[in-house]
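# Geometric and topological summary
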Amino acid sequence: MTIERQLIYPRHWPAWLAIALLWLLAHLPRRLSYALGAGVGNVFYHFAKDRRHICETNFRLCFPELDDAERDALTRKTMRNQGVGLMETLRVWFLAPDKLDVGFELIGSEHLEVGDDGKGIIVLGTHFTSLDVCGTLIGFRYPADSFYRKHKNPVFEYILSRSRGRYGEPIHRRDIKRALRRLREGRRLYYLPDQDYGRKSAEFVPFFGVLAATTIGTSTLAKGGRARVVFAQQQRLPHGEGYRVEIIPMDNFPSGDPAADARAINALLEDNIRMVPDQYMWVHRRFKTRPEGEARVY
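Residues numbered from 1 in each chain as written. Predicted model: local features only at pLDDT ≥ 70, side-chain atom pairs only at ≥ 80, totals over all residues. Heavy atoms only, no water.

Take the pairing of strand β1 (residues 103–107) next. The alternating pattern of β1 places F104 and L106 on a buried face and G103, E105 and I107 on a face that is not buried. Taken together, the five bridges between β1 and strand β9 (residues 242–249) define a ladder with parallel strand orientation. Opposite E105, over in β9, you have R244 as the bridge partner. (Buried < 20%, exposed > 50% of the residue type's maximum accessible area, 1.4 Å probe, protein only. Helix = DSSP H or I, 4+ residues; strand = E, 2+ residues; numbered from the N terminus. Pairing = 2+ DSSP bridges.)

And the structure:
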């Protein structure tokens, strides 16, 4: 991508200065970057009180067996991982995958291969703090399109689009027709179904035993795009030395029952979270939308 002439006007210089600082941070040695990220996460724990409250509330709902001390310890680890994930995101913005200096184990990669039937593949990612780096490492080998929300700042939008577009086509989140067309052409689509997107096109199904508004968009895309669906189970290895991703095929999907499909996705996500509970982005309001008559939880 070439830089549009208007992006070099003086009014955008502060944004470019910020980008330059982020570029420098992204080029720190990996071990130093990991340590800095953990430190930033510790700062989050002490000063990002709203996000810490959301995190603590989610733990009370999803892990009622933990006592206060155990929940606080898990919250601290989660916030540290938020900081680590932030630094990882900067690194994938500005570094090529072969320059990240990390190990990567991809299990079940055969499920990412487009078969003789030419069907596209929906790769279900989830909001773990290692999402961006794992998505990049997968996309480097198996390019995939992805949905995006346009950034309000044109300089940051340029940088993000440049990063997104290296391994697939960025598709505006409202352009469902474009996504379906690409899937029918035998492309891969990276899709994140694990946040609360409101009541529209959602089913209330259990997530850690709590009813959560869960999008049925995966079923809609799979049916309309005539695509196979796989789940990318991920985890960051200790000290940021590397990452492990296992591709799990979802058989009989879509099943014809969107609620059952949503339950199946949540079950896989729960299994992944229990492996590394502190690596999930618990700072999101997963239970923001409540069934009729239920009180707000945040």
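On to the pattern of salt bridges. Under the criterion given, the structure shown has 17 salt bridges. Between R182 and E169 there is a salt bridge whose closest N-O contact spans 3.5 Å. Of the two residues, R182 sits in helix α7 (residues 176–184) while E169 sits in the loop between α6 (154–164) and β4 (170–172), which places them 13 residues apart along the sequence. Using a relative accessible area of 11% as the deciding quantity, one classes R182 as buried. Residue classification places E169 among the partly exposed residues on the basis of a relative accessible area of 22%. One network of salt bridges, in which partners are shared, links R30, R31, D101 and E241. (Salt bridge = Lys/Arg side-chain N within 4 Å of Asp/Glu carboxyl O.)

Compared with the 26 Å implied by 1.5 Å per residue over 18 residues, the 26 Å span of helix α9 (residues 258–275) between its first and last C-alpha is a close match. All of the buried residues along α9 are A259, D261, A262, I265, N266, L268, L269, E270, N272 and I273. For α9, the elements touching its buried residues are β2 (121–124), β6 (202–207), β7 (210–215), α8 (217–224), β8 (228–236) and β9. Of the residues that open α9, the one with a side-chain oxygen 3.1 Å from the backbone nitrogen of A259 is D257. (Expected span 1.5 Å × (residues − 1). Contact = heavy atoms within 4.5 Å. Polar contact = N/O pair within 3.5 Å; in protein donor to acceptor, adjacent residues only side chain to side chain.)

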